[in-house]
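Geometric and topological summary
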Amino acid sequence: MSELDLAFVRSQFPAFSEPSLAGFAHFENAGGSYACGQVVEQLHRYYRQTKLQPYYGFEPSQTAGRLMDEARSRMAAWLNVATDEVQFGPSTSQNTYVVAQALRRYLEPGDEIVVTNQDHEANIGVWRNLEADGMVIREWRVDPQTAELDPAELDNLLNERTRVVAFTHCSNIVGSIHPVREWTDKIHAVGAIAIVDGVSYAGHGLPDIAALGADIYLLSLYKVYGPHLGVMAMRKELNQKMPNQGHFFNSGHITDRFTPAGPDHAQIAAVNGVIDYFDLVYTHHFAGTDADPAQKARAVSSLFRQAEQANMQTLLDFLSNRPGIRLIGSSTTESRAPTIAFTHDNRQPQEITAELAAQKIGAGNGNCYAYRLMQALDIPAAQGVIRLSFVHYTSSDELERLIQVLDGVL
Ligand SMILES: Cc1ncc(COP(=O)(O)O)c(C=O)c1O
């Protein structure tokens, strides 16, 4: 089977049969997706059966620890990195904050850091703050008309002093999916580290981080059908070179070095639910085909992408042809995620999303923490944009209803 079985995937999400959500259409998935049933069940089971300190010699502590270990190794396999390259932290913002503390001592004054003005602030501000320690910040700016990053600009910014480049795999406003491998190759050619924010990408399919060549890759599972948890994949050699940010006696524990906050055990165990879901989607569509987890991830991603594309084109066409609407980013689906932001020439985003909410459509409004992007696009940051974002489980019926409602509201 090569087409997404929509009824099947929707049956895996309790939200779609939850009476209190009947009639509600979720178009703010870039903020937070629904959780799949496997995750809800894992959390429930963890709290019922194994909610105590893991890793002691008694049951059920052993089971709790085993679930946490499995979560790490399974997630790593799906992301195509080694098990001890996966760190679990409370969120991506927390993970980048911790890495910045390590870089503070790892880098030297005069070293250059490239940041964009397209990213979510979680992948900008912490690096920019290193300016106070003598690091030199270079900004890779979007084109104010297209909102896109031009790779030729990266070439101009890279030099022998560049030590770090932080950019997004997919902006949470513009939606373009970047050619990460091309960029990491350029970054590595000058000996710098590539830090890639995959938060807005991962809900559309788990990435192959080895193929992308990122030194640090970040995602947040609450946007990937899972618990509120940040995943940070960090290359082992980099982990070993940067100063430990955990307790001193744990400096030899590779997965403790950049997670000073005690991890949420239940949520880590619930990562198994995310992988169970992806695995089930794979088995349902490709029964009898054996594959390793990275191959499964690729197959599931292309199923998701195919399902998203038809809906995406319909919405892009509607918005691009609507007078008074400024669509941010590309109007075609090529290398684009269904995270679609726009402004209205004479109405406030908040007003529009309130009207959508009154008709049971959940849409985002504001700057979505891409504050600097708003400034670059000359959009008042306090006001921001209207954001409609959907994923593979969104139906064409929901999309049609959205467009019908937008037709009346805009
Ligand atoms: C693209 C992007 N990067 C980073 C973040 C921050 O993630 P977290 O909420 O896990 O800190 C978000 C959150 O919305 C995001 O959309």
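Relevant structure appears above.
Below you will find a few notes about this structure. Numbering of residues starts from 1 in each chain and follows the order in which that chain's sequence is written. Under the rules for a predicted model, residues below a pLDDT of 70 receive no local features and side-chain atom pairs below 80 are neither given nor counted, while totals for whole chains, interfaces and linings still include all residues. Side-chain measures were taken over the full set of non-hydrogen atoms in the model, leaving aside hydrogen atoms and water.

Oppositely charged side chains can form a pair if their charged atoms are brought close together. By salt bridge we mean one thing: a side-chain nitrogen of Lys or Arg within 4 Å of a carboxyl oxygen of Asp or Glu. Here the structure, examined in full by the defined rule, presents 23 salt bridges. Across the pair E121 and R372 runs a salt bridge whose closest N-O atoms are separated by 2.7 Å. With E121 in the loop between β3 (112–116) and α5 (125–128) and R372 in helix α13 (residues 371–376), this residue pair connects regions lying 251 residues apart in the sequence. The exposure class assigned to E121 is partly exposed, which follows from its relative accessible area of 25%. Look at the salt bridges and you will find they share partners, linking R74, D276, D279 and K296 into a network. Put simply, DSSP H or I for four residues or longer makes a helix, DSSP E for two residues or longer makes a strand, and each gets a number counted from the N terminus. Three exposure classes are used, based on accessible area relative to the maximum for each residue type with a 1.4 Å probe and protein chains only: buried under 20%, partly exposed in between, and exposed over 50%.

Near is defined per residue: the residue qualifies when any heavy atom it owns lies within 4 Å of the molecule or strand. Neighbouring the ligand are S91, T92, S93, H120, A122, N172, D197, V199, S200, S220, Y222 and K223. Only the protein chains shown count as cover for residues, and the accessible areas themselves come from Shrake-Rupley with a 1.4 Å probe. Within the complex, 90% of the 390 Å² of free accessible area of the ligand lies under protein. According to the grid-proximity analysis, the pocket containing the ligand is the second largest pocket. Classification used: nonpolar for Ala, Val, Leu, Ile, Met, Phe, Trp, Tyr, Cys and Pro, charged for Asp, Glu, Lys and Arg, polar for all others including Gly. For the shell around the ligand, a count of residues per class yields 3 nonpolar, 7 polar and 2 charged. A cavity here means a set of points on a 1 Å grid, drawn over the protein atoms and nothing else, where a 1.4 Å probe fits but cannot get out; a pocket is an open set with protein on both sides within 12 Å along at least five of seven lines, and a residue lines either one if it has an atom within 4 Å of a point. Whether a molecule sits in a cavity or pocket is decided by its atoms, more than half of which must lie within 2 Å of the grid points.

In this section: the packing of aromatic side chains. Ring geometry is summarised as follows: Phe, Tyr and Trp rings, the Trp one being its six-membered ring, pair when their centres sit within 6.5 Å, and such pairs are stacked at plane angles under 30 degrees, edge-to-face over 60 and tilted between the two. All chains considered together, the criterion is met by 21 aromatic pairs. On the numbers, 5.7 Å between centres and 65° between planes, the contact of Y225 with Y393 is edge-to-face. Separated by 168 residues along the polypeptide, Y225 in the loop between β7 (216–220) and β8 (230–234) and Y393 in the loop between β13 (385–389) and α14 (396–409) bring together distant segments of the chain. Looking at Y225, the relative accessible area reads 0%, which means it is buried. Taking relative accessible area as the criterion, Y393 reaches 1% and is therefore assigned buried. Among the aromatic residues, those joined into a ring-pair cluster are F13, F16, Y34, W78, Y225, Y277, F278, F304 and Y393.

So, about helix α10 (residues 265–285). Given a helix with a known number of residues, its expected span is that number minus one, times 1.5 Å. Here α10 is 21 residues long and its end C-alpha atoms lie 32 Å apart, about the 30 Å a rise of 1.5 Å per residue gives. Burial runs high along α10: 15 of the 21 residues are buried.

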